[in-house]
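If you want the building blocks of each chain, they are given just below.
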Amino acid sequence: MRVLSRSDLADVPIAPLDVVRAVEDAYLALAQGESDNPRKLSVAHPDGWSVAYAMLGRDGRRRVVAMKTSYKFDPSHDRRTKRYYTTITLYDDATGSPIAMMDCSRVGALRTPAVSGLLVRETIRPGARNALLIGTGTQGRNALPHLIAANPQLDRLSVYGTHTEGLEAVGRYLRAHAPHLDLEVADDARAAAATADVVLATAGPGTDVALESSDLAPGSVVVLVGYGLAPSTLTDADRVIATNAEQMSLTGTDMAGPDGRLRPVDAELPAILARRAAGRRSPDERIFVYNSGLVLTDVAVAHALAERAIAEGRGTEVALWD
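Now for a quick tour of the structure. What you are looking at is a predicted structure, and each value in this text was computed from that prediction instead of being measured.

Looking now at unusual backbone geometry. With the exception of glycine, most residues fall at negative phi, and the peptide bonds are largely trans. Here the phi dihedral of R63 falls at roughly 55 degrees; this positive angle occurs in a residue that is not glycine. With respect to the element layout, R63 can be found in the loop between β3 (50-59) and β4 (64-73). Despite not being glycine, R275 has its phi angle at roughly 65 degrees, a positive value. Tracing the backbone through its elements, the reader meets R275 in the loop between α9 (269-273) and β14 (287-290).

Structure follows, in structure tokens:
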């Protein structure tokens, strides 16, 4: 088995469009019954010190079975002392051979913005050109190249953030993949949202932004990845789309309305991609989108990264079962 560390995978070249295509293919395989994505298992410390997850998936098109695990240790709720580890193990379901055990941090950093790009592609109004990014952390830094890969018509881009280093990183990532595009730094998130066709909310929990539905432009689509949107953007939306309704019901409870209930989902991304459901029905609809991950998309991106890394001779071969 090849063990691929975080440093082994950090600079493996993979284009945003390739990530988007891998993720879309994984969703289509699931929608067409070729793959399996059972519910995740979780266990948590009763005092909230730690939480762990295990997720199993079978990609029928790639003939790959995988297990992803994650563990977060955060007893003091302090960024400086928090520990988070996530791995994925891939097996070849055609030969029965193990492929790789690998760090999963870059997989998630690529998979999530690719999913956002697809969600926007399926819900964006005709003629849209303006996109606003809120947040400059890991997800924010990867967001725009994948958004543009799936939606090349978006050519008026702005970002709101409070960390200079993060803002510079967002611009650097964008220039690396789309040097022809300019990026404007917004001083006021609400003012920028008023003219944005697309809002990607990727900020961390400490953000000072919580856009209300009244801040949004008619016909806009907002995608919640992290933080940056108030519950009214969901409760007042004309249409609600999610990657998975069940996951949204479990992890999106902070977006519940005044009655304590979470607005139901109108359609899920796999069904939309398979053309069994509509993303957008009219140009003036304001659409709320909830982006939560399915392990099958991790499998697709991890497999693509592992193939490239192994071809370059990266990682360490371990005779684990000899």
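Under the definition given, this model contains 1 aromatic pair. Relative to F73, the ring of W49 has its centre 6.3 Å away and its plane inclined at 75 degrees; by these criteria the two rings are edge-to-face. Of this pair, W49 sits in the loop between β2 (41-44) and β3 while F73 sits in strand β4, placing them 24 residues apart in sequence.

Core analysis: the largest hydrophobic core is formed by 62 residues, its most contacted members being L90, M102 and L305. In terms of residue count, the dominant contributor to this core is helix α10 (residues 295-311) (8 residues). Taken domain by domain, the makeup of this core includes at least three residues from each of domain 1 (2-107 + 296-315) and domain 2 (110-294). The residues contacting L305, other than those within four sequence positions of it, are L9, V12, I14, M102, R106, V107 and L110.

Here we come to the sheet that holds strand β10 (residues 198-201). The strands making up a sheet associate through backbone hydrogen bonding, with each pair oriented either parallel or antiparallel. Taken in spatial order, the 8 strands make up an open sheet running β9-β8-β7-β10-β11-β14-β12-β13, and their pairing is parallel. Two strands in the sheet have a free side with no partner beyond their single neighbour: β9 (183-185) and β13 (267-268). Strand direction decides the pairing type here: strand β8 (residues 156-160) and β9, joined by 3 bridges, are parallel. Among the inter-strand pairings, L157 is bridged to a residue of β9, identified as L183.

Here is what the cut-offs are and how they apply
Residues numbered from 1 in each chain as written. Predicted model: local features only at pLDDT ≥ 70, side-chain atom pairs only at ≥ 80, totals over all residues. Heavy atoms only, no water. Helix = DSSP H or I, 4+ residues; strand = E, 2+ residues; numbered from the N terminus. Phe/Tyr/Trp six-rings, centres within 6.5 Å; stacked < 30°, edge-to-face > 60°. Core = buried A, V, L, I, M, F, W, Y, C linked by side-chain atoms within 4.5 Å. Buried < 20%, exposed > 50% of the residue type's maximum accessible area, 1.4 Å probe, protein only. Domains from an automatic or database assignment. Contact = heavy atoms within 4.5 Å. Pairing = 2+ DSSP bridges.

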